[in-house]
Amino acid sequence: MKLHCWGGVSEQGRSCFLLQEGNCLILLDCGVKRTFTASEAGEYPHWEVNLLNGIEATLLSHAHEDHCGALPLLSKLGIRRPIYTHHWVVPEVAKSCTAWLQAIDNAGHKKPYQTEDILSLPLCAVGFGEKVEIKESEIYLNSSGHVPGSAWFDIAVKGKRIIYTGDWCPSSLLFPHVQFSGHTDAIVLDAAYGVAVVRQNNIYEQLLGTITATVSNGGSVLLPVPRVGRSQEILVLLNRELVAEVPIYVEAPILESLRNLLRDQESSGMKCPGEIINIVYNEKVKEFHRPLEMGQKERAIILATDAMGSSDATKELIDYLGTSEKNTIIFTGFLYEGTKGEQVLKGTLDGIKARVIMLTWKVHPDRKDIEDMLGRIKGDPAVIITHVAREKGMELARLLRQKGVKAIVPHIGEIINL
Ligand SMILES: [Zn+2]
């Protein structure tokens, strides 16, 4: 059995792998890396073109663009094999790919594919715990705790078991703790934080502390967040812990996604549906479609998409709220180079007087989570470290090897024999 590493190794972005057992080819994710140069927009998987036509099916872990943004390129090439993903992820794929096209357009580059290529993606909805059969492989989808609907795949083929973690996080406020166990031959591991240990409780405290201090000082807080996932987790935290009596303005698509979770509580395995109902009906939580709808004089906490500060709404809010030193802009996740968010954080954007901070909200496993996971796994699996820059990946590999783990940090294009 072979694993072709087409993207997402020794780097963060464009996750894409091909699992090959004889003539059975299964694609695992197919993302784009968000990079812009003067002549190019985005980096796509390094696929071996001669293998693309033989792909039997794709397993899609979730709809972040670094996992799904290159799928429409396959449609464009005429490759239309089933793409299995959780039913919550299905509607997110088009949104994510469309947002990527929009970003390319805004940067003045040529689009790599068209809307038709997105709409014609053969997405097949699967629930957690359900089995998918692809030739002689049996695959189960399980919740990975990264965003609603995100899955890790348990793949059994010809007596071997492979775990593809996708992006996973064991400390979600919304979803149950991810448990990996049993005998395994290989793990394709999201190790986005490398050897770092992220103390999520400290992040909660710092976030609440910063918000409280800002509003008590008469300021407002802007949180540029993704539409799905972290935004909902932050709302759960604010609903639980925030004492300050200020309105929380939430951009409509974020609340919409939260309401969607309630429609499907049974199969979601969500931990706290009661709290979500609480947020949806909380008078302090106000929905907005455009920044103008907010009263400009009152103090507020504002959750707006997108996380990179690239959408018109966040750009407008950054420009408006950034002008006062009383306000705080809080970023909570990875910022791509060249985005407005990154410029604001680096302090290279003129006119920003607001306090700007980064509090990385945990959405991936840290070193302790990985060690804990490997401690539960039986056998002597090859651990393929992915979703992290090479140096950080190597640091983690060295540490794991000291504990006897067969850790591998592949290069792009490498083929690993499993
Ligand atoms: Zn992700």
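Quick notes on the rules
- Throughout, residues of each chain are indexed from 1 in the direction in which the sequence is written.
- Owing to the predicted nature of the model, reporting of local features is limited to residues with pLDDT of at least 70; listing and counting of side-chain atom pairs is limited to 80 or more, with chain, interface and lining totals taken over all residues.
- Calculated side-chain values reflect all of the structure's heavy atoms, with hydrogen atoms and water omitted.
- Following DSSP output, two strands are said to pair if at least two bridges run between them.
- Helix and strand definitions follow DSSP, with helices as H or I runs of at least four residues and strands as E runs of at least two, each counted in order from the N terminus.
- Helix axes are fitted to C-alpha atoms over the stretch in contact, other axes to C-alpha atoms as well, and angles between N-to-C directions run from 0 to 180 degrees.
- Metal donors: N, O and S atoms at distances within 2.8 Å, or within 3.2 Å for Na, K and Ca, with water omitted from the atom set so that some sites may seem incomplete.
- A site with four donors is called tetrahedral when every donor-metal-donor angle falls between 85 and 135 degrees; four donors are called square planar, and six octahedral, when opposite donors sit more than 155 degrees apart and all other angles fall between 65 and 115; any other arrangement is irregular.
- Only protein chains enter the accessibility calculation, which uses a 1.4 Å probe; a residue whose area is less than 20% of its type maximum is buried, one above 50% is exposed, and one in between is partly exposed.
- Note on terminology: angles under 35 degrees are roughly parallel, angles over 145 are roughly antiparallel, angles of 65 to 115 are roughly perpendicular, and the others are oblique.
- In a left-handed crossing the near helix is turned counterclockwise from the far helix by less than a right angle, and in a right-handed crossing that turn is clockwise.
- Throughout, a contact is declared for two residues whenever any of their heavy atoms are within 4.5 Å.
- The span you would expect from a helix comes to 1.5 Å times its residue count less one.
- By construction, the arc corresponds to the directions joining the helix axis to the C-beta atoms.
- Marked domain ranges trace back to an automatic or database domain assignment.
- Defined in terms of a 1.4 Å probe, buried area is the accessible area two parts forfeit on being brought together, summed over both.
- Take the buried residues of types Ala, Val, Leu, Ile, Met, Phe, Trp, Tyr and Cys, join any two whose side-chain atoms come within 4.5 Å, and each joined set is a nonpolar core.

**Q** Would you mind going over the sheet that holds strand β7 (residues 83-86) with me for this structure?
**A** One key point about sheets: their strands pair by backbone hydrogen bonds, in either a parallel or an antiparallel sense. The 7 strands lie next to each other as β8-β7-β6-β3-β2-β1-β24, forming an open sheet whose pairing is mixed. Every interior strand has two partners, whereas the edge strands, β8 (123-126) and β24 (415-417), have only one. Geometrically, the sheet is characterised by an average inter-axis angle of 25 degrees between neighbouring strands, direction not taken into account. Pairing analysis gives 3 bridges linking strand β1 (residues 2-7) to β24, with the strands arranged antiparallel. Paired with K2 across the two strands is N417, which belongs to β24.

**Q** What should I look at first to understand the coordination of the zinc ion in this one?
**A** In an ideal tetrahedron of four donors about a metal, each angle is 109.5 degrees. In an ideal octahedron of six donors, the angles are 90 or 180 degrees. Here the zinc ion is held by H62 (NE2), H64 (ND1), H146 (NE2) and D167 (OD), and the distances to it run 2.2 to 2.3 Å. Bound by 4 donor atoms, the zinc ion shows angles of 90 to 174 degrees at the metal and therefore irregular coordination geometry. In terms of primary sequence, the donors binding the zinc ion are separated according to H-x1-H-x81-H-x20-D. Here the residue H146 occupies a position in the loop between β10 (137-143) and β11 (151-157), and D167 occupies one in the loop between β12 (160-164) and β13 (182-183), the gap between them amounting to 21 residues. Accessibility classification places H146 together with D167 in one group, the buried group.

**Q** Would you mind going over the packing of helix α8 (residues 252-263) against helix α10 (residues 273-280) with me for this structure?
**A** For any two helices packed against each other, the geometry comes down to the angle between their axes and how far apart the axes lie. Two elements in contact, α8 and α10, have axes whose closest approach is 10 Å; the angle formed by their N-to-C orientations is 140 degrees. As summarised for this structure, α8 and α10 are arranged oblique, according to the angle between their axes. The element α8 and its partner α10 pack so that their crossing is left-handed. Taken together, the residues of α10 that come into contact with α8 (itself represented by L258, R259, L261 and L262) are P273, I276, I277, I279 and V280.

**Q** Teacher, can you tell me more about helix α6 (residues 200-216) here?
**A** Within an α-helix, residues lying three or four positions from one another point in the same direction, as the helix has 3.6 residues per turn. Over its 17 residues, α6 extends 24 Å from the first C-alpha to the last, a length consistent with the 24 Å expected when each residue adds 1.5 Å. All of the buried residues in α6 are Q200, I203, Y204, L207, L208, T210, I211, T214 and V215. The buried side chains of α6 occupy one side of the element, clustering within an arc of 160 degrees when seen end-on. Exposed positions of α6 whose direction lies more than 90 degrees from the buried face are N201, E205 and S216. Among the structural elements, β15 (221-224), α7 (230-241), β18 (301-304), β19 (328-331) and β20 (355-358) are those in contact with the buried residues of α6. Immediately downstream of α6, the backbone of G218 shows phi near 85 degrees, a positive value.

**Q** I would appreciate a short explanation of the domain arrangement of the chain in the present structure.
**A** One widely used convention gives an interface's size as the accessible area the parts lose upon coming together. We note that the domain assignment places domain 1 (2-196 + 363-417) and domain 2 (200-358) within the chain. Distance between the C-alpha centres of domain 1 and domain 2: 28 Å. In this assembly, 18 residues from domain 1 lie in contact with 22 residues from domain 2. A combined buried area of about 2,000 Å² lies between domain 1 and domain 2, and 58% of that area is made up of carbon and sulfur atoms.

**Q** Please explain the nonpolar core as it appears in this structure.
**A** Considering soluble globular proteins, one finds that nonpolar side chains tend to be buried as a cluster. The biggest cluster of nonpolar side chains holds 44 residues, and the ones touching the most others in it are I301 and L303. Contributing elements (two or more residues each) for this core: α6, β15, α7, β16 (248-251), α8, α10 and β18. A total of 6 residues in this core trace back to one element, the largest contributor, which is α6. Composition of this core by domain shows at least three residues from each of domain 1 (2-196 + 363-417) and domain 2 (200-358). Those residues within four positions of I301 in sequence are excluded, and the remaining contacts are I211, V215, V221, L223, L238, L242, V246, P247, I248 and Y249. In this structure, L52, A63, L101 and I118 belong to the second largest nonpolar core, which totals 32 residues.

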